Amino acid sequence: MTTRSLSTKISLSESASMRPSTRTGICALTRTEGVYVNSHLIPRALTRLSGTGEKFVETGIGHGTKMRANSWYDAGLVTRAGEDILSDIDAKGIEMLREHRLVWSSWGSERRLQEGELLDSDVFHRTIDTENSDVLRLFFLSLLWRAAASTRPEFGDVELFKDELEDLRVRVLEQDPGAVRDYPIQLFQLITRGTPHNRTPLLERKPIVYIDGSVGPEVRYARFYFDGLVSHIHLARDVKLHQDYLETCLGFGKSTIVFGHEFESSRTSENIQEMVGAVGREQSLVAEPLKPVIAAIRQRWPGVKP
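Residues numbered from 1 in each chain as written. Predicted model: local features only at pLDDT ≥ 70, side-chain atom pairs only at ≥ 80, totals over all residues. Heavy atoms only, no water.

J.: How should I be thinking about the pairing of strand S12 (residues 229–234) in this particular structure?
T.: Both faces of the sheet carry side chains from a regular strand, because those side chains alternate between them. Among the 6 residues of S12, 6 are classified as buried, and the element is accordingly described as predominantly covered. Every second residue of S12 is oriented toward a common face, with Leu229, Ser231 and Ile233 on one face and Val230, His232 and His234 on the other, all of them buried. Pairing between strand S8 (residues 185–190) and S12: 5 bridges, direction antiparallel. Bridge pairing in S12 places Phe188 opposite Val230. Two elements, strand S11 (residues 215–226) and S12, share 6 bridges in a ladder whose sense is antiparallel. (Buried < 20%, exposed > 50% of the residue type's maximum accessible area, 1.4 Å probe, protein only. Helix = DSSP H or I, 4+ residues; strand = E, 2+ residues; numbered from the N terminus. Pairing = 2+ DSSP bridges.)

The following block contains the structure:
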C-alpha cells in the first residue's frame, strides 16, 4: 500500500481549537484578495469523531503517528468570500446526505441500515430519489477541487491537471456542476456501523467493466470516504463511457443506485487493519514505556502487535 493518511478516534480527552488565520493573499476559489480563513477540506460535520473534543490518532504508512484535535483544514486556501460559497454548498449537500440516510450520523442510535431500505439482501443496493442531484454533485465536485487545490501534504495524493483544476474551480464558483458525464459519481454506502475514522482521499485508476462483462477504458477517479460513505468521482471529461455504466452514477436519472457493503467485509475495514498493522510494525522499536499513540493503537486493536 502506498502512503496514505488515516485517522482513528482514541480516548484522550482534550479540547479542540482552531486559531483564526491572519494571513492575506489571493483566494484560490474567487481569485480576489483578502484575509484567509480556516477552511475544512472535508466538512467538519462529516468528520467529527467526538462531540467532547477528544484528540485522535493520525497515522500513515511511512508517516509515523501524531495527535490531532480537528479534522483537516487549510488556513491558506480561501478568503471569507470563498468560504461562504463552500459553506453554502456543504450545508445543502450534508442536508441531502442525511435526508437519504447515506451517512452514519443520520442513523441516530441504529447500528445497521434498515432492511426495508435495501432492494436485495444478497447483493446489497438501494435507490434514492435524486431529481435534485445537482446539489450532491456540486458538493462532491467541491470536495475534489479542495483536495486538489490544497497544499496540505495529507492531500498530496490528489493531483489533477491544470485544466481539470480550473474547470472544477469555475463549476464550484458558479455553483453549477455541469454535465453529469464529465465527472460521473458513484456512491458506496457502509450499511453497518464500523470503527469511527476519517481518511484522506485517494486518486486511483480502474478499468470500466460493463454489464455484459466487456471491459472499457481505464479511468482515473478520486475516492473519498467519510461517515460511512464512499464516493468515486470519475475524471472522465475526455472518456466515452457506455450509457449502462453512466446509469449507475449520481444524477443520470430521477433515482440513483447506491451500492451497499457491510463494514466488516468492506475495503474500508481492510484498509484500517492494513494501515494500523503497517504503522505498528514501523513503530516496533519504540522504547518502553510506550508512546501514548502506540498504546492507543494497541488498545484499539488488541490483535495488532506494534
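J.: Explain the sheet that holds strand S2 (residues 24–26) here, please?
T.: For sheets, the rule is that strands pair by backbone hydrogen bonds, running either parallel or antiparallel. Strand order across the open sheet formed by 3 strands is S2-S3-S6, with antiparallel pairing between neighbours. For this open sheet the edge positions go to S2 and strand S6 (73–79), each flanked by a neighbour on one side alone. Across this sheet, the average inter-strand angle for adjacent strands is 60 degrees, counted without regard to direction. Here 3 bridges tie S2 to strand S3 (residues 33–40), and the two strands are oriented antiparallel to one another. If you follow Ile26 over to S3, its bridge partner there is Glu33. (Axes fitted to C-alpha atoms, helices over the stretch in contact; angles between N-to-C directions.)

J.: Sorry, what's going on with the confidence of the model for the chain here?
T.: Where the model shows low pLDDT, its predicted coordinates should not be examined in detail. With 68% of its residues at a pLDDT of at least 70, the chain reaches an overall mean of 77. Every residue in residues 8–17 scores below 50 in pLDDT, and together they form 33 contacts with partners more than four places removed in sequence or on other chains. The low-confidence segment residues 272–306, where pLDDT is below 50, has 57 contacts with residues more than four positions distant or belonging to other chains. (pLDDT = per-residue confidence, 0-100. Contact = heavy atoms within 4.5 Å.)

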